[in-house]
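Coordinates in review
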Amino acid sequence: MFLAFLLRAAQAGSLQLPPGEEVDAWRAAAAQHGVELVAEAGDLVLVHEADRWELRFGRDPATRFPLPPPASPEHRDAVLALAARLLADSPPATSELNLDASLLADSAADSFVMAPPSAASPESGDLPPEAEQGPDEREPASVTAASRPPTPSPRPEGWVVGLQGGAGAFLDGEPRITLALAGGARLGRFFSMGLAVETGLPLTVSWNALTIRRDSARAEVGAVGFVLGAGIGRAEILANGELRGQLLFPVFSFEYEHPLRAGPLWLVPRLGAHVSAADVTLDSATGSRKLAPYSFGVGLRVERVLGEVR
């Protein structure tokens, strides 16, 4: 059931409304066009600044689509129809970005056409020529809108919290199953940092029926998908439910990850290796055995973006 929810969410795009905008006025049209309304971190952001309205891509705010004020249900329906086209898998044809004058122009006699997306930086304060002109100053002739430039693979950006499950094996063949709680920040598309607290499922080794539990807490730093981790690990050795030994030692990890959008969540598959910097040898009357410090495995982290890093 949870997987079905993620699959449905992955097919939907989201629109973030301006602060103070009445969500109920947009809800019916959003449902009709398959657009999810969110309070933050939308794929598209509807911006209202002074007398200007425009659509921006959440991961590429420099690309803007100026709009007249959506002052009626028909206006809002047309804006959501455009948003649905922009959120489609393939960039819309330039001719599809032209909006009907009867929907978005104040006067039915004026022909309104979408202006090309602007590449002005929102921090610079420089407005594109289309945004500086009033509705009556736009040329009535058809203006071809430039297609959205191809964007790189998306990455979650901002403060994130996540839950990760993993499975693998040590070099001596013993399995490794883990569950981790993670949090931190993803800064831009290429850099991440955070903390992961991981616990391992207690596993019984084949030698003398001992049970070993491994836990760790690691700080992680990532760049371009590669993630390095370092921290403290702990191992508990039990026999028949009785604690026989406990050890603290450094742990290191090296993994590769690739975040995938799934509606309001991010799915982050991981592949990598873990190293326990400890020399653990189990002794008994029948002999001894050294535990393998190296393990390899895969994991899947589910992350949620909580807000922007300021």
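Residues numbered from 1 in each chain as written. Predicted model: local features only at pLDDT ≥ 70, side-chain atom pairs only at ≥ 80, totals over all residues. Heavy atoms only, no water.

1. Some points on the overall build of the protein
Along its length, the protein carries 5 helices and 17 strands. Burial statistics for the protein: of 310 residues in total, 41% are counted as buried. Looking at the protein alone, contacts between residues at least 24 apart form 57% of all its contacts between residues at least 6 apart. With an accessible surface of roughly 16500 Å², the protein has 60% of that area assigned to carbon and sulfur atoms. (Helix = DSSP H or I, 4+ residues; strand = E, 2+ residues; numbered from the N terminus. Buried < 20%, exposed > 50% of the residue type's maximum accessible area, 1.4 Å probe, protein only. Contact = heavy atoms within 4.5 Å. Areas by Shrake-Rupley, 256 points an atom, 1.4 Å probe, with all protein chains shown as cover.)

2. Here's the deal with the environment of Leu163
Summarising the element assignment, Leu163 is placed in strand β6 (residues 158-170). The spacing of Leu163 and Leu300 is 137 residues in sequence and 8.4 Å in space, taken between C-alpha atoms. The residues touching Leu163, leaving out its near neighbours within four places in the chain, are Leu179, Ala180, Leu300, Arg301 and Val302.

3. Focus: helix α3 (residues 73-86)
Taking 1.5 Å as the rise per residue, α3 with 14 residues should run 20 Å; its terminal C-alpha atoms sit 20 Å apart, in good agreement. Residues of α3 that are buried include every one of His75, Arg76, Ala78, Val79, Leu80, Ala81, Leu82, Ala83 and Leu86, and no others. (Expected span 1.5 Å × (residues − 1).)

4. Looking at empty space enclosed by the protein
Under the counting rule described, the total for this entry stands at 6 cavities of 30 Å³ or more. Every residue lining the largest cavity is counted, 24 residues in all, and those nearest its centre are Phe170, Arg176, Glu198, Arg214 and Asp215. A per-element tally of the lining of the largest cavity places strand β10 (residues 211-223) first, with 6 residues. Residues that form the lining of the largest cavity fall into these classes: 10 nonpolar, 8 polar and 6 charged. (1 Å grid on protein atoms, 1.4 Å probe; cavity = no way out; pocket = protein on both sides within 12 Å on 5 of 7 lines; lining within 4 Å. Points joined across faces, edges and corners; volume = space filled by probe spheres on them. Nonpolar A, V, L, I, M, F, W, Y, C, P; charged D, E, K, R; others polar.)

5. Section: the packing of helix α2 (residues 24-33) against α3
At a closest axis distance of 9 Å, the pairing of α2 and α3 adopts a crossing angle of 40 degrees. Between α2 and α3, the interaxial angle falls into the category oblique. Note on packing geometry: the crossing formed by α2 with α3 is right-handed. Touching Ala25, Trp26, Ala29, Ala30, Gln32 and His33 of α2 are Arg76, Asp77, Val79, Leu80, Ala81 and Ala84, all from α3. (Axes fitted to C-alpha atoms, helices over the stretch in contact; angles between N-to-C directions. Parallel < 35°, antiparallel > 145°, perpendicular 65-115°, else oblique. Left-handed = near helix turned anticlockwise from the far one by under 90°.)

6. Considering the pairing of strand β11 (residues 226-239)
Pairing analysis gives 13 bridges linking β10 to β11, with the strands arranged antiparallel. Across the sheet, Ser216 pairs through a bridge with Gly233, a residue of β11. In this antiparallel pair of consecutive strands, β10 and β11, the connection spans 2 residues, and Val224 shows a positive phi of 55 degrees. Of the pairings in the sheet, the one linking β11 to strand β12 (residues 242-257) comprises 14 bridges and is antiparallel in character. Note on β12: the bridge partner recorded for Ile237 is Gly245. (Pairing = 2+ DSSP bridges.)

7. What to know about the sheet that holds strand β1 (residues 13-16)
Strand pairing in a sheet takes place through backbone hydrogen bonds and is either antiparallel or parallel in direction. Strands sit in the order β2-β1-β3-β4-β5 across an open sheet of 5 strands; the sheet is mixed. Looking at strand neighbours, the two that pair on one side only are β2 (35-38) and β5 (60-67), the edges of this open sheet. Strand-to-strand twist across the sheet, computed as the mean angle between neighbouring axes with direction ignored, equals 30 degrees. Note: strand β4 (residues 52-57) against β5, 5 bridges, orientation antiparallel.

8. Side note on the side chain of Asp215
The residue Asp215 is located in strand β10 in this model. Within the local environment of Asp215, its side chain forms a polar contact with the side chain of Thr199, the two groups lying 2.7 Å apart. Of note is the side chain of Asp215, whose polar atom sits 2.6 Å from the side chain of Arg234. Apart from the residues within four sequence positions on either side, Asp215 is in contact with Glu198, Thr199, Gly200, Ile232, Gly233 and Arg234. (Polar contact = N/O pair within 3.5 Å; in protein donor to acceptor, adjacent residues only side chain to side chain.)

9. Some words on the nonpolar core
Leu15, Leu46, Leu55, Leu67, Leu80 and Leu86 are the most contacted members of the largest nonpolar core, which has 18 residues in total. Going through the elements one at a time, α2, β3 (44-49), β4, β5 and α3 are the ones with two or more residues in this core. If you tally residues by element for this core, the top one is α3, at 5 residues. Grouped together as the second largest cluster of nonpolar side chains are 9 residues, Val205, Trp207, Ile212 and Val280 included. (Core = buried A, V, L, I, M, F, W, Y, C linked by side-chain atoms within 4.5 Å.)

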